[in-house]
Amino acid sequence: AGPTITVVDPASLVSQIQVSASSLSVCEGGDNITLTATPEGGTFSGDFLTGSDFVTADATAGAHTLSYTVAIDVCEVTKDIEVVVHAIPTVTFGEVESLCIDDAIYTLSTGLPVGGVYSGEVVTNGTIHPETAGLGLYTVTYTYSENGCEASAVQEIEVDECLNVGILDANLFSVYPNPASGNFNIDVKSSDLVEFTMLTLDGKTVINKTALKSGINSITAGNLPLGMYIVQIQSGNNMQILKITLN
């Protein structure tokens, strides 16, 4: 009798191959995926592979089939494994107009896609309480996660004083002389409460809010450095702002 010839179907040998990966899914730009397989001695093939490492930084988002081929008996047998690269979500954070210090609690809502998380030193459960935050410019971050992949966007949100004042009738007072040598006068022609504040051009208060009487009020400013200043005169919710020069 002649020799016995055994025909082996390579597909029946696939179960003898074990292929594993350090991770089956990863975010774009994440850590490389390292492949291992038994029996040893075979080769890996597929897109974005360097040796046994799947290079995530080079890979496009989506599913990728990687193969391991090894000789078993007289056959070359191949087993596949699929890894998935998830896209980093595109996140935007729309502009938020300045909040007024006396506004009600503001709910943040301009981050997209919907479903992310707002964070920052003045953010509580996705809201800002302007009065609690206080005046200032605050950095707020919106973070969104999808398939374990995270991205963020940032906005600067201002809490402003937002003084709701009208214009005080200029006929109700006069400031003279201007320029002034040290002292000057404010002549008030109203029986209503009128208050006066003096500031530097960069907003620093040099004379705190002072009540003025009806008639001529002498303002002592001789101790201030020479230069230009801002004078605020307010009655109720109405205000006039002008400049005065000390020389």
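Provided above is the structure to which this section pertains.
In this text the structure is predicted, and so the values were computed from the model without any measurement.

A.B. asks: Quick rundown of the sheet that holds strand β19 (residues 173-176)? Include the residues and the values.
C.D. replies: Spatially, β19-β20-β23 is the arrangement adopted by the three strands of the open sheet, whose pairing is antiparallel. Every other strand in the sheet has two partners, leaving β19 and β23 (215-219) as the edge strands with one partner each. Taking the axes of each pair of neighbouring strands and ignoring which way they run, one obtains an average angle of 20 degrees across the sheet. Bridging between strand β20 (residues 184-188) and β23 involves five bridges; their strand directions are antiparallel. Residue pairing in the sheet places D187 in a bridge with I216 of β23.

A.B. asks: Describe the packing of aromatic side chains, listing the residues and the values that go with them.
C.D. replies: All chains considered together, the criterion is met by six aromatic pairs. On the basis of an interplanar angle of 45 degrees and a centroid distance of 4.8 Å, the ring pair of F44 and Y68 is categorised as tilted. Residue F44 is found in strand β4 (residues 43-45), and its partner Y68 is found in strand β7 (residues 62-72); the two are separated by 24 residues along the sequence. By relative accessible area, which is 2% here, Y68 ends up buried. Relative to Y142, the ring of Y118 has its centre 4.6 Å away and its plane inclined at 45 degrees; by these criteria the two rings are tilted. Separated by 24 residues along the polypeptide, Y118 in strand β13 (residues 117-119) and Y142 in strand β16 (residues 136-146) bring together distant segments of the chain. Here Y118 and Y142 have matching classes, each one buried. Members of the aromatic cluster, joined through ring pairs, are F93, Y118 and Y142.

A.B. asks: Give me the pairing of β20: which residues, what numbers.
C.D. replies: Summarising burial for β20: five of the five residues are buried, a large majority. Residues F184, I186 and V188 point to one face of β20 and N185 and D187 to the other, with burial holding for every one of them. Here four bridges tie β19 to β20, and the two strands are oriented antiparallel to one another. Residue pairing in the sheet places S174 in a bridge with D187 of β20.

A.B. asks: I'd like a rundown of the state of the cysteines, residues and numbers included.
C.D. replies: In the structure shown here, the tally under the stated rule is one disulfide. Here C27 connects covalently by a disulfide to C149, the sulfurs 2.1 Å from one another. An S-S torsion of about -100 degrees defines the bridge between C27 and C149 as left-handed. Residue C27 is located in strand β2 (residues 25-27), and its partner C149 is located in strand β17 (residues 149-160); the two are separated by 122 residues in the primary sequence. Each member of the pair, C27 together with C149, is buried.

A.B. asks: Give a description of the pattern of salt bridges that names residues and reports values.
C.D. replies: Tallied over the full model, the rule gives two salt bridges. When the shortest N-O distance is used, the salt bridge between K209 and E195 registers 4.0 Å. Of this pair, K209 sits in strand β22 (residues 205-212) while E195 sits in strand β21 (residues 194-200); the two residues are 14 residues apart in sequence, bridging distant segments of the chain. By relative accessible area, K209 is classed as exposed at 52%.

A.B. asks: Break down the nonpolar core for me, citing the residues and quoting the values.
C.D. replies: Among the nonpolar cores identified, the biggest contains 20 residues, and F184, I186, F196, M198, I233, I244 and L246 are the most heavily contacted of them. Those elements giving two or more residues to this core turn out to be β19, β20, β21, β22, β24 (227-235) and β25 (238-246). Of all hydrophobic cores here, the second largest spans 19 residues; its members include L66, C75, V77 and V83.

A.B. asks: How would you explain the environment of S98 if you had to name every residue and give the values?
C.D. replies: Mapped onto the secondary structure, S98 falls in the loop between β9 (92-93) and β10 (99-100). For S98, a relative accessible area of 41% gives the class partly exposed. When the C-alpha atoms of S98 and L137 are compared, they prove to be 9.2 Å apart, with 39 residues separating the residues in sequence. Reaching out from S98, the side chain makes a polar contact with the side chain of E158 at a distance of 3.3 Å.

Cut-offs applied
Residues numbered from 1 in each chain as written. Predicted model: local features only at pLDDT ≥ 70, side-chain atom pairs only at ≥ 80, totals over all residues. Heavy atoms only, no water. Pairing = 2+ DSSP bridges. Helix = DSSP H or I, 4+ residues; strand = E, 2+ residues; numbered from the N terminus. Axes fitted to C-alpha atoms, helices over the stretch in contact; angles between N-to-C directions. Phe/Tyr/Trp six-rings, centres within 6.5 Å; stacked < 30°, edge-to-face > 60°. Buried < 20%, exposed > 50% of the residue type's maximum accessible area, 1.4 Å probe, protein only. Disulfide = S-S within 2.5 Å. Salt bridge = Lys/Arg side-chain N within 4 Å of Asp/Glu carboxyl O. Core = buried A, V, L, I, M, F, W, Y, C linked by side-chain atoms within 4.5 Å. Polar contact = N/O pair within 3.5 Å; in protein donor to acceptor, adjacent residues only side chain to side chain.

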